[in-house]
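Listed below, chain by chain, are the residues.
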Amino acid sequence: MRFLLLLTLFFVTTSSYAHALALPNLGEPIILSVKPAIVEPESDVTVSIDSFLLDLNKSQINWFIDGKSVFKNRNLRSLQFHTGVIGSESVVSVIIQDPSGVEATADVAIRPVELDLLWEARSYTPPLYMGRALPAPGSQVVAEARVRFVRPNGIPVAEKDIVYTWLVNGKGVSSVSGRGRSSATFPAPLLFGEDILSVEAVSLDEKFRAERQVRIPSTEPLVVLYRADPLLGIQYQHPIPSRGVIGLSDVTVVATPFFTTTVDPTNTTLSYEWRVGGELVDLDKSHPSFLTLVVPPGGELTTKLDLVFRNTVSFLEEVSQSWDLSFQDTGSSDSNPFFRSVDSL
C-alpha cells in the first residue's frame, strides 16, 4: 500500500469583553482564522483576525504566542509563525482595544497531527509486484486510516478514543464508521468511474481532528507477458515488451493478469485464447496461460502474438492484447515451426 499523508489541525477560540457587553445574535467580537487549513508540523501558519463589532482600523492589536508578546500596539491583522513537531501545542492569543476603550481577547490552540490514508483493492497482482493492487469493477477496496494524535505530554491518543467517519463521494457510510473503526471495506467504483473516499478522525475530547480524502479510479484489468524458464520459473522481473526481440529459438511465455477479481491466476474461470500469426492455437487446457514458441532452423521468425483474456464469471473482465515478437534462431528444431503447448513447467 502506498503512503499518503495529510496533516491538519483542530482549534478552539474563546472571546470576551473586558469593558462592554456583547450585543446578542451578532457573533463573537473576534473571528480567528488559520491558513492553510492543512497544517504540517514545523511549517509556516498564518492566523488572521476579523470583527463585525470592532473597528480594527483604529484599534490597538497585541499578539502573543504561548503567552509571550510578539507584536504590541500595532495594527497587524495577521500573524505568521512556525509550528512545532507532532505532539506540540502552540497557543496564539490576540488582545484588541478600540479607541472607545472596548477590549476583546481571543486565542487559538494549534496542534499539528498526522493522518495517513492507505488503500488497495482485493484484486490479483503477481509476485514481486511493488505497486498498489488497483480496483477492477466488482472488486473490493480496503482502506486504513493511520492517525497520530499526540498530547503535549507525549502520550498518544488511544485508537479506541478516536471516532472515524468514512464517506464515499461526500456521503457518510454509517455501517463502517464509529469509535476505533480505522479500517473499512467498500465496493470498487463502477466501470470508467471513480469514487472520492474520505475519512474524518476526531478524538473523544474533540481536541484533535484530522481528515483526508483520496481519489480512487476504476481500473480495467490488463495482461503482462513474461518468460517462463523450466529451471528458474516465471521471470516476473523482466516483462516482455509489446515490440521486442526474444533472443531465443525456443521460448515459453506466460500471460499474467493484473487487477482481476479472481485472485488465483490458475482458476478455471479464467480463459486464455491465443493466436500466433493470426492462427488460433489449440493449447493444453491444463496450462492455458502458457505458450511455447519455436523458431524454424536456419533463420528468424517475426510473428504477431494475440491474446484474448476473459473472466467467465465477470463480463467486465475481458482484455485483448497483442505483441510483435522477433525470435532468434539458435539451432533447435521442432515438428511444429511456430508453437507447441506446454505440458509442464
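That block above? That's the structure.
Keep in mind that what you see is a predicted model, and the values were worked out from it rather than measured.

Looking at the sheet that holds strand S4 (residues 44-50)
What the three strands build is an open sheet, ordered S3-S4-S7; its pairing is antiparallel. This sheet does not close on itself; its edge strands, each paired only once, are strand S3 (31-35) and strand S7 (78-82). Each neighbouring strand pair of the sheet contributes to a mean axis angle of 20°, computed without reference to strand direction. With five bridges joining them, S4 and S7 adopt antiparallel strand pairing. Each residue of the ladder has a partner; that of Ser48, found in S7, is Ser78.

Concerning the nonpolar core
Taken as a class, soluble globular proteins show a tendency for nonpolar side chains to be buried jointly. In terms of nonpolar packing, the biggest core is built from 24 residues, with Phe149, Tyr164 and Trp166 touching the most fellow members. Elements with a minimum of two residues in this core: strand S10 (114-121), strand S11 (140-148), strand S12 (162-168), strand S15 (183-187), strand S16 (194-203) and strand S17 (209-217). A total of four residues in this core trace back to one element, the largest contributor, which is S11.

Some words on the pattern of salt bridges
Evaluation of the coordinates by the stated rule reveals twelve salt bridges. Across the salt bridge formed by Lys160 and Asp161, the nearest N and O atoms sit 3.5 Å from each other. On the accessibility criterion, Asp161 (21% relative accessible area) is partly exposed. When salt bridges that share partners are traced, they join Glu273, Arg275, Arg310 and Glu318 into one network.

Describing the environment of Val141
Within the secondary structure layout, Val141 lies in strand S11. Look at Val141 and you get buried, because its relative accessible area is 2%. Separated by 45 residues in sequence, Val141 and Phe186 have C-alpha atoms that sit 5.1 Å apart. Apart from residues lying up to four places away in sequence, Val141 is in contact with Trp119, Glu120, Ala121, Pro135, Ala184, Thr185, Phe186, Ala188 and Ile216.

Some points on the pairing of S12
Regular strands have side chains that alternate between both faces of the sheet. Bridge count between S12 and S16: seven bridges; the pairing is antiparallel. Paired with Val163 across the bridge in S16 is Val202. Bridging between S12 and strand S14 (residues 178-179) involves two bridges; their strand directions are antiparallel. Bridge pairing in S14 places Val163 opposite Arg179. Where S12 meets strand S13 (residues 171-172), two bridges bridge the pair, whose relative direction is antiparallel. Residue pairing in the sheet places Leu167 in a bridge with Gly172 of S13. Counted between consecutive antiparallel strands, the loop separating S12 from S13 contains two residues, among which Asn169 sits at a positive phi close to 55°.

Things to note about the packing of aromatic side chains
For the structure on display, the rule yields seven aromatic pairs. When the centroid spacing of 5.7 Å and the interplanar angle of 75° are considered together, the rings of Phe258 and Phe259 count as edge-to-face. You can call Phe258 buried: its relative accessible area is 6%. One aromatic cluster in this structure is built from Tyr129, Phe258 and Phe259. The ring of Phe208 has Arg111 sitting right over it, with the charged end atom 5.9 Å from the ring centre. The ring of Trp119 has Arg132 sitting right over it, with the charged end atom 4.2 Å from the ring centre.

Observations concerning unusual backbone geometry
Unusually for a residue other than glycine, Glu206 sits at a positive phi of about 60°. Position of Glu206 relative to the elements: it lies in the loop between S16 and S17. Residue classification places Glu206 among the partly exposed residues on the basis of a relative accessible area of 46%. The residue Phe259 is not glycine, and still its phi comes out positive at about 65°. With respect to the secondary-structure elements, Phe259 resides in the loop between strand S21 (250-258) and strand S22 (270-276).

How each quantity is defined
Residues numbered from 1 in each chain as written. Predicted model: local features only at pLDDT ≥ 70, side-chain atom pairs only at ≥ 80, totals over all residues. Heavy atoms only, no water. Pairing = 2+ DSSP bridges. Helix = DSSP H or I, 4+ residues; strand = E, 2+ residues; numbered from the N terminus. Axes fitted to C-alpha atoms, helices over the stretch in contact; angles between N-to-C directions. Core = buried A, V, L, I, M, F, W, Y, C linked by side-chain atoms within 4.5 Å. Buried < 20%, exposed > 50% of the residue type's maximum accessible area, 1.4 Å probe, protein only. Salt bridge = Lys/Arg side-chain N within 4 Å of Asp/Glu carboxyl O. Contact = heavy atoms within 4.5 Å. Phe/Tyr/Trp six-rings, centres within 6.5 Å; stacked < 30°, edge-to-face > 60°. Lys NZ or Arg CZ within 6 Å of the ring centre and 35° of its normal.

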